[in-house]
Amino acid sequence: MIQPRTSHSHPRIPDPNTLFTPLRQPTMSFLGFRKYPTPVLKPIAPFIVGAAIVWYGVAKAQSAGVYSETYAKDPRNPYISSAAKANAAH
């Protein structure tokens, strides 16, 4: 059955029964943040993996430089005692 068009069913004219009803108050949220299903780990995962690879590479390069024969005898080397032990074992 087709509903008759009245002034209340027109989209631009508001319903007079709902004009003065109070708006629903928003619920409390933690520190003003609402819960949304925002992906965090999935988009940042390649950067975490890349950072781990770079960290490992830099650590290996530093170790190779500190324990090389050129710098193992340098008095400015803070790892001189452990570098001397490492080279003595070889």
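Check the entry above for the structure.
Conventions and cut-offs
- Residues numbered from 1 in each chain as written.
- Predicted model: local features only at pLDDT ≥ 70, side-chain atom pairs only at ≥ 80, totals over all residues.
- Heavy atoms only, no water.
- Helix = DSSP H or I, 4+ residues; strand = E, 2+ residues; numbered from the N terminus.
- Buried < 20%, exposed > 50% of the residue type's maximum accessible area, 1.4 Å probe, protein only.
- Areas by Shrake-Rupley, 256 points an atom, 1.4 Å probe, with all protein chains shown as cover.
- Salt bridge = Lys/Arg side-chain N within 4 Å of Asp/Glu carboxyl O.
- Polar contact = N/O pair within 3.5 Å; in protein donor to acceptor, adjacent residues only side chain to side chain.
- Patch = residues over 30% accessible without salt bridge, like charges linked within 9 Å, V, L, I, M, F, W, Y side chains within 5 Å.
- Contact = heavy atoms within 4.5 Å.

### Section: the overall build of the protein chain
Move 1: Per the secondary structure count, the protein chain includes 3 helices and 0 strands.
Move 2: When its helices and strands are written in sequence order, the protein chain yields α-α-α.
Move 3: Out of the 90 residues in the protein chain, the part that is buried amounts to 6%.
Move 4: Only carbon and sulfur atoms are counted for the fraction: they give 67% of the accessible area of the protein chain, which is about 9,100 Å².

### As for the pattern of salt bridges
A side chain with one charge may pair with a side chain of the opposite charge, provided their charged atoms come close.
Move 1: Enumeration over the complete set of coordinates arrives at 1 salt bridge.
Move 2: The salt bridge partner of Arg76 is Asp74, with a shortest N-O separation of 3.1 Å.

### What to know about the side chain of Asp74
Move 1: Residue placement: Asp74 occurs in the loop between α2 (69-72) and α3 (80-89).
Move 2: Here Asp74 falls in the buried class, since its relative accessible area comes to 16%.
Move 3: In terms of polar contacts, Asp74 uses its side chain to reach the side chain of Arg76, at 3.1 Å.

### With respect to a nonpolar patch on the surface
Move 1: A contiguous nonpolar patch, built from Leu41, Ile44, Phe47 and Ile48 and spanning about 440 Å² of accessible area, is present on the exposed surface.
Move 2: By the secondary structure assignment, Phe47 is in helix α1 (residues 41-66).
Move 3: Using a relative accessible area of 62% as the deciding quantity, one classes Phe47 as exposed.

### Some details on the side chain of Asn77
Move 1: Secondary-structure assignment places Asn77 in the loop between α2 and α3.
Move 2: Separated by 2.9 Å, the side chain of Asn77 and the backbone oxygen of Tyr71 make a polar contact.
Move 3: Excluding its chain neighbours within four sequence positions, the residues that come into contact with Asn77 are Val66, Tyr71 and Ala72.

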